[in-house]
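# An overview of the molecular structure
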Amino acid sequence: MSAISFLQVSKTFVTSRGPLQALERVSFDIQEGEFFGLLGPNGAGKTTLISILAGLSRASEGRVTVLGHDVLKDAAHARRLLGVVPQELVFDPFFSVREALQFQSGYFGIQNNHAWIDELLESLGLADKASSNMRQLSGGMKRRVLVAQALVHKPPVIVLDEPTAGVDVELRQTLWHFIAKLNKQGHTVLLTTHYLEEAEALCSRIAMLKAGRVVALDTTSELLKASASNVLRFKLDAELPAALQAKARVTGRIVQLPAHTALEVEAHLAALRLAGLVPEDMEIRKADLEDVFIDVMHQHSQGEAA
Amino acid sequence: MRGWSALFYKEVLRFWKVSFQTVAAPVLTAVLYLVIFGHVLENHVKVYETVGYTSFLLPGLVMMSVLQNAFANSSSSMVQSKIMGNLVFILLTPLGYWSWFFAYVLSAMVRGMAVGLGVLLVTAGFIPLTFYNPLWILAFALLGSAMLGTLGLIAGLWAEKFDQMAAFQNFVIVPMTFLSGVFYSIHSLPPFWQQVSHLNPFFYMIDGFRFGFFGQSDVSPWLSFSLVAMALAAVSTLTLYLLKTGYKIRG
């Protein structure tokens with residue numbers, strides 16, 4: 001049975017400027033025990049899809065199930081199986097960390113959850129903050145509490161909506177260590193993130209969303225294989241020749257160009273030489289998920305233009 | 001512990017942690033009204049033959065405090081959770097709409113009754129009061145606080161901003177409580193305003209509550225009880241429907 005199944009999910013928002021289609025017939029399944037990545041630019045519909053999964057929002061069409069339980073018709077059951085870490089850094093200012101976790105357990109009908117709450121606090125580096133009021137915590141600490149709150153009822157399926165946005169390196173490592181451990185124990189993980197190196201390192205399978213549609217869905221290794229296998233990277237002080245500009249990814253002085261073959265590398269360099277430009281710090285590296293992502297998004301915007 | 005009782009307990013603890021603001025302050029306000037109006041009007045106004053004005057005023061003010069604080073509790077909790085975004089913690093749980101309803105309304109009743117009891121206790125030493133029929137007192141306190149707790153929940157679900165909530169409170173709840181006969185018997189009003197007062201559901205709550213103390217009222221307590229109970233059933237049905245459909249809380 002699939003841990004999560006999206007079947008032809010569409011969502012249309014009614015706005016003052018007319019209907020806005022946030023999701024268009026999104027379909028994919030996540031198997032039990034998978035570490036699954038949901039990627040896409042801002043506004044692609046990732047959070048909308050997760051909101052529908054979590055019961056925070058209703059799909060206009062289609063069906064979503066969690067371990068076979070419909071999120072609408074069998075909402076109570078589906079929500080027991082889900083642990084959702086929301087993207088927004090929300091907290092209840094009236095309570096301490098431990099109180100927040102005890103209440104959250106209570107909502108799921110769990111009494112005397114102390115042992116598991118202690119373990120969560122320990123694993124997430126929150127043990128010394130247990131009796132601090134939520135207001136006194138830094139952003140990173142609040143983020144950890146959000147993760148702990150999502151896990152109080154030991155859900156088999158964990159959903160993390162950009163859990164590392166604006167979070168320091170240490171917490172990211174603590175968090176991934178803990179989530180990876182849970183995944184090894186059999187928990188299914190659905191992750192959205194803008195940090196593509198994290199997705200590449202953690203996720204076995206990836207779906208990419210663009211403008212509410214699935215534009216790529218495959219294992220991480222297949223996605224990496226299908227894209228340009230190499231990237232030519234160098235620094236340049238001058239403007240890039242027009243012929244290269246369309247293909248290049250430019251970050252300040254750093255230019256990165258996809259190169260499938262040695263011939264293509266030569267062609268790029270020839271174009272530079274022709275323009276009288278001298279690249280610095282040149283290297284050729286393997287393509288990573290970020291290259292694949294940009295490639296996929298690029299292809300699909302060309303598709304739309306045509 | 002069932003899920004709803006955790007939410008109920010959280011809601012009670014939420015106001016109890018700031019009880020200076022949520023319980024002590026409204027008790028003080030009511031006592032100030034009582035002392036000042038009592039001082040000014042004790043020798044000038046007589047509503048019931050056997051009851052002094054300050055004594056007459058006390059149950060009205062107690063009930064007004066019960067009603068306003070029950071409303072304040074569920075409405076402010078809901079609107080704050082919506083605006084702060086922490087309502088998501090409850091939205092993500094399997095708690096059904098009955099659980100939400102009971103948790104929010106019962107906690108609002110607890111706050112209303114705590115304030116009402118506070119006013120009675122503070123004034124017990126210096127204002128004479130009779131307890132003609134405590135059952136009526138309790139019945140109206142329960143009904144009234146449930147009614148306003150439910151209205152507060154509706155307002156909290158409806159309001160998207162704090163100023164909308166303030167408008168609801170200041171332009172609907174406060175005038176209706178003040179104009180319900182807290183400070184006077186509606187028999188002292190011109191006939192037209194007596195008719196208008198009979199359309200105000202808050203009038204029946206205050207009148208019935210006061211009957212429990214003095215055994216005297218503007219209308220029969222049974223009539224008040226039936227009308228308030230029916231109104232409560234109606235707003236509860238509406239609230240349950242709003243919660244079930246996720247009105248303004250599930251997109």
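None of these values were measured; they are calculated from a predicted model.

### Concerning the overall build of chain B
Looking only at helices and strands, one finds ten helices and zero strands in chain B. Ordering the α and β elements of chain B from the N terminus gives α-α-α-α-α-α-α-α-α-α. Taking 251 residues into account, the globule formula puts the C-alpha radius of gyration at 18 Å, and chain B, at 18 Å, falls close to it. With respect to the principal axes defined by its C-alpha atoms, chain B has extents near 60 × 35 × 35 Å.

### Observations concerning the overall build of chain A
Within chain A, the regular secondary structure consists of eleven helices and 14 strands. Its C-alpha atoms give chain A principal-axis dimensions of about 75 × 45 × 40 Å. By the burial criterion, 39% of the 306 residues in chain A qualify as buried. Restricting to contacts in chain A with at least 6 residues of sequence separation, those with at least 24 account for 70%.

### So, the nonpolar core
If you look at the biggest cluster of nonpolar residues, it comprises 151 residues, and the most contacted ones within it are A:L53, A:A148, A:V159, B:L61, B:L67 and B:M205. Tallying contributions element by element places helix 3 (residues 53-84) of chain B first for this core, with 15 residues. When residues of this core are assigned to domains, at least three map to each of domain 1 (2-224) and domain 2 (228-286) of chain A. In this structure, B:L67 is in contact with B:G112, B:G144, B:S145, B:L148, B:T177, B:F202 and B:M205, ignoring residues within four places of it in sequence.

### Comments concerning the sheet that holds strand 11 (residues 230-235) of chain A
The strands that make up a sheet pair up through hydrogen bonds in the backbone, lying either parallel or antiparallel. Residues and elements named next belong to chain A. Taking strand neighbours across the sheet as the criterion, the four strands line up as 12-13-11-14 in an open arrangement whose pairing is antiparallel. Of all the strands in the sheet, just strand 12 (249-251) and strand 14 (280-286) have a single pairing partner and so form its edges. Averaged over all pairs of adjacent strands, the angle between strand axes in this sheet comes to 20°, irrespective of strand direction. As paired strands, strand 11 and strand 14 are joined by five bridges and run antiparallel to one another. Bridge pairing in strand 14 links L232 to I284.

### Comments concerning the domain arrangement of chain A
Assigned domains of chain A: these are domain 1 (2-224) and domain 2 (228-286). Using C-alpha coordinates to define each centre, domain 1 of chain A is positioned 38 Å away from domain 2 of chain A.

### Points about the sheet that holds strand 8 (residues 188-192) of chain A
Residue and element names in this part refer to chain A. What the six strands build is an open sheet, ordered 6-7-8-3-9-10; its pairing is mixed. With one partner strand each, in any of the chains shown, strand 6 (82-85) and strand 10 (213-219) form the two edges of the open sheet. Strand-to-strand twist in this sheet, taken as the mean axis angle between neighbours without regard to direction, amounts to 15°. Pairing of strand 3 (residues 35-39) with strand 8, which is carried by four bridges, proceeds in the parallel orientation.

### Brief notes about the interface of chain A and chain B
Taken residue by residue, the interface counts 24 residues in chain A and 22 residues in chain B. When residues in the side of chain A that touches chain B are grouped by element, the largest group, four residues, is from helix 3 (residues 97-107) of chain A. Residues that form the side of chain A that touches chain B fall into these classes: eleven nonpolar, eight polar and five charged.

### Let's talk about the packing of helix 6 (residues 134-158) of chain B against helix 9 (residues 201-214) of chain B
All names here are of chain B. The geometry of helix 6 relative to helix 9 is characterised by a closest axis approach of 7 Å and an angle of 155° between their N-to-C directions. By the angle between their directions, the pair helix 6 and helix 9 is classed as roughly antiparallel. Note that helix 6 runs across helix 9; the crossing there is left-handed. Facing helix 6, whose interface residues are P134, W136, I137, F140, A141, L143 and G144, helix 9 presents M205, G208, F209, F211, G212 and F213. The class makeup of the residues in the contact of helix 6 with helix 9 is ten nonpolar, three polar and no charged.

### Examining helix 2 (residues 19-41) of chain B
All names here are of chain B. If you check helix 2, its first and last C-alpha atoms are 31 Å apart, about what 23 residues at 1.5 Å a residue would give, namely 33 Å. Every buried residue of helix 2 is listed here: P26, V27, A30, L34 and G38. Buried-residue contacts for helix 2 involve helix 3 and helix 5 (97-123).

### So, the environment of B:A234
Topologically, B:A234 is positioned in helix 10 (residues 221-245). B:A234 sits 105 residues away from B:L129 along the chain, and the two C-alpha atoms are 34 Å apart.

### A closer look at the packing of helix 9 of chain B against helix 10 of chain B
Residues and elements named next belong to chain B. Here helix 9 crosses helix 10 at 135°, and the two axes come no closer than 9 Å. It follows that helix 9 is oblique to helix 10 by the angle criterion. Two packed elements cross with a definite hand, and for helix 9 against helix 10 that hand is left-handed. Contacts from P201, Y204, M205, D207, G208 and F211 of helix 9 reach helix 10 at P221, S224, F225, L227, V228 and A231. Class assignment for the residues of the contact of helix 9 with helix 10 results in nine nonpolar, two polar and one charged.

### Let's talk about unusual backbone geometry
Positive phi outside glycine occurs at A:A211, with the angle close to 45°. Secondary-structure assignment places A:A211 in the loop between strand 9 (205-210) and strand 10.

### Some remarks on the pairing of strand 6 of chain A
Residues and elements named next belong to chain A. Residue alternation in strand 6 divides its side chains into two sets, L82 and V84 and G83 and V85, and both sets are buried. Pairing analysis gives four bridges linking strand 6 to strand 7 (residues 157-161), with the strands arranged parallel. Of the residues in strand 7, the one forming a bridge with L82 is V157.

### Re helix 7 (residues 162-178) of chain B
Three or four residues apart is the spacing at which side chains of an α-helix point the same way, because the helix has 3.6 residues per turn. All names here are of chain B. Compared with an ideal rise of 1.5 Å per residue, which puts 17 residues at 24 Å, helix 7 spans 22 Å between its outermost C-alpha atoms and is within 8% of the ideal. In helix 7, a bend of some 30° at Q169 exceeds every other bend along the element. Considered for burial, the residues of helix 7 that qualify are M165, F168, I173 and T177. In this fold, the buried residues of helix 7 make contact with helix 3, helix 6 and helix 9.

### Thoughts on the environment of A:I110
Residue and element names in this part refer to chain A. Relative to the helices and strands, I110 is located in the loop between helix 3 and helix 4 (114-123). The class of I110 is partly exposed, set by 18 C-beta atoms lying within 10 Å. Each C-alpha atom, one on I110 and one on E290, is 42 Å from the other, the two residues being 180 residues apart in sequence.

Calculation notes
Residues numbered from 1 in each chain as written. Chains lettered and ligands numbered in written order. Predicted model: local features only at pLDDT ≥ 70, side-chain atom pairs only at ≥ 80, totals over all residues. Helix = DSSP H or I, 4+ residues; strand = E, 2+ residues; numbered from the N terminus. Rg over C-alpha atoms; globule rule 2.2 N^0.38 Å. Buried ≥ 20, exposed ≤ 12 C-beta atoms within 10 Å, placed from the backbone. Contact = placed C-beta atoms within 7 Å. Core = buried A, V, L, I, M, F, W, Y, C linked by C-beta atoms within 7 Å. Domains from an automatic or database assignment. Pairing = 2+ DSSP bridges. Axes fitted to C-alpha atoms, helices over the stretch in contact; angles between N-to-C directions. Nonpolar A, V, L, I, M, F, W, Y, C, P; charged D, E, K, R; others polar. Parallel < 35°, antiparallel > 145°, perpendicular 65-115°, else oblique. Left-handed = near helix turned anticlockwise from the far one by under 90°. Expected span 1.5 Å × (residues − 1). Bend = angle between axes of the 7 residues up to and from the residue.

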